[in-house]
Amino acid sequence: MTTILISGLGLIGSSMARVMKQSAAELTLLGDDPNDDTAQFLLDQGIIDERVTLLDAANRADIILLAGPVSVIIKQLKQLANVLLKPNVLVTDVGSSKTQVMAAAKDLENRQIAFMGGHPMAGSHQTGAHAGRKHLFDHATYFLVNGTQTTAQTKSFQALLATADLRWTTVSAAEHDALVSSISHVPHVLAANLVNTAAQQLRHDPVGLSAAAGGFKSTTRIAASDPRMWTAIMLSNADVISDQLTTYIDQLKLIQAAIKSRDADQIRHFFERAKAIREQLDHDDSRGK
Ligand SMILES: NC(=O)C1=CN([C@@H]2O[C@H](COP(=O)(O)OP(=O)(O)OC[C@H]3O[C@@H](n4cnc5c(N)ncnc54)[C@H](O)[C@@H]3O)[C@@H](O)[C@H]2O)C=CC1
Ligand SMILES: O=C(O)C(=O)Cc1ccc(O)cc1
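Residues numbered from 1 in each chain as written. Chains lettered and ligands numbered in written order. Predicted model: local features only at pLDDT ≥ 70, side-chain atom pairs only at ≥ 80, totals over all residues.

Draft legend 1. Structural detail: the site of ligand 2. In the vicinity of ligand 2, the contacting residues are Ser96, Met121, Gly123, Ser124, His125, Ser184 and Ile222. Residues that form the shell around ligand 2 fall into these classes: two nonpolar, five polar and no charged. (Near = placed C-beta within 6 Å. Nonpolar A, V, L, I, M, F, W, Y, C, P; charged D, E, K, R; others polar.)

Draft legend 2. Quick peek at the sheet that holds strand β6 (residues 114–120). A sheet is described by the order of its strands in space; here eight strands give the open sequence β3-β2-β1-β4-β5-β6-β7-β8, paired in mixed fashion. Bordering the open sheet on either side are β3 (50–51) and β8 (167–170), each of which pairs with just one other strand. (Pairing = 2+ DSSP bridges. Helix = DSSP H or I, 4+ residues; strand = E, 2+ residues; numbered from the N terminus.)

Draft legend 3. Summary view of the site of ligand 1. The local shell around ligand 1 holds 30 residues, among which Gly8, Gly10, Ser96, Gly123 and Thr127 are the closest. If you list the elements that add at least two residues to the shell around ligand 1, you get α1 (11–21), α4 (70–80), β6 and α10 (227–236). Residue classes in the shell around ligand 1 are distributed as 13 nonpolar, 14 polar and three charged.

Draft legend 4. Geometry of the packing of helix α8 (residues 173–201) against helix α11 (residues 238–260). Where α8 contacts α11, the two axes come as close as 9 Å, and the packing angle between them is 65 degrees. The orientation of α8 relative to α11 falls into the category roughly perpendicular. Of the two possible hands of crossing, α8 and α11 adopt the one that is right-handed. The segment α8 lies against α11, with Asp177, Ala178, Ser181, Ser182, His185, Val186 and Val189 engaging Val240, Ile241, Gln244, Leu245 and Tyr248. Partitioning the contact of α8 with α11 into residue classes produces seven nonpolar, four polar and one charged. (Axes fitted to C-alpha atoms, helices over the stretch in contact; angles between N-to-C directions. Parallel < 35°, antiparallel > 145°, perpendicular 65-115°, else oblique. Left-handed = near helix turned anticlockwise from the far one by under 90°. Contact = placed C-beta atoms within 7 Å.)

This is the structure we're talking about:
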């Protein structure tokens with residue numbers, strides 16, 4: 001019997017619980033979340049077996065999965081370094097940035113407790129346990145950042161998520177944070193900025209945003225994500241995101257200059273390049289790469 005303790009039972013934590021419940025292993029799933037409705041909902045659904053608090057129940061767990069906001073994960077890693085744990089426990093997380101998380105795990109690792117950084121590259125702009133589902137992570141990339149875990153611990157964690165058919169990808173924390181800044185963190189800033197800027201420009205227009213077609217809506221879907229979660233992500237990867245925004249602003253100025261000077265070749269080249277790359281992404285997805 002394997003005992004798993006998940007702290008943070010929102011979209012990601014509850015979806016991880018749902019996937020693990022389908023695994024072949026005999027599991028006891030302990031869940032920690034300050035939200036009473038969330039915990040009761042997951043107990044009623046049979047998704048968790050028992051509601052606990054992280055620090056009280058930590059010594060019962062074979063695997064501890066931290067799935068709260070990044071700021072909470074960082075605090076919890078420091079707290080876990082001061083409580084009694086099973087000697088072979090694996091502590092892991094799902095946070096959207098990794099450098100600060102790996103640094104926060106150092107005290108735990110110094111106590112010979114295994115930690116492995118993790119990040120599933122699937123989710124939604126929705127939050128909370130009701131939005132969670134067992135197919136949320138199907139075929140997604142799942143980043144792992146090696147800490148002090150053994151190969152056997154990595155394999156037993158991967159086996160718990162086998163039904164999701166994940167693309168396991170091991171990277172360093174710095175590689176992870178640069179890559180994910182490009183494909184997730186900066187796009188979130190841009191989506192929110194598109195919405196805020198359009199709303200500001202259209203504030204006196206009686207039709208305004210209500211006329212938006214699918215393009216505006218699909219480009220900005222993620223602007224409806226949880227502001228508190230995204231503030232924690234921004235703060236945890238601030239230098240990388242800020243540097244990439246500088247590059248982004250430089251690129252924006254180049255296309256602005258091309259539009260202003262009516263440079264049709266440069267404008268067309270700009271769109272041709274993006275179209276080819278974007279179509280390749282769809283092509284790769286459809287082939288399950
Ligand atoms: N939303 C997404 O699409 C993805 C999010 N992530 C990461 O997963 C983590 C969770 O995100 P979501 O599930 O989307 O957020 P969520 O808002 O749906 O869930 C977070 C949960 O953590 C709980 N929580 C807050 N403080 C806590 C504490 N002190 N102790 C225990 N639980 C606490 C909340 O009550 C809530 O149920 C974040 O670190 C996020 O960066 C990773 C991949 C995708
Ligand atoms: O809603 C979407 O499409 C996302 O991009 C979800 C997401 C949010 C945060 C992550 O760290 C990873 C994935």
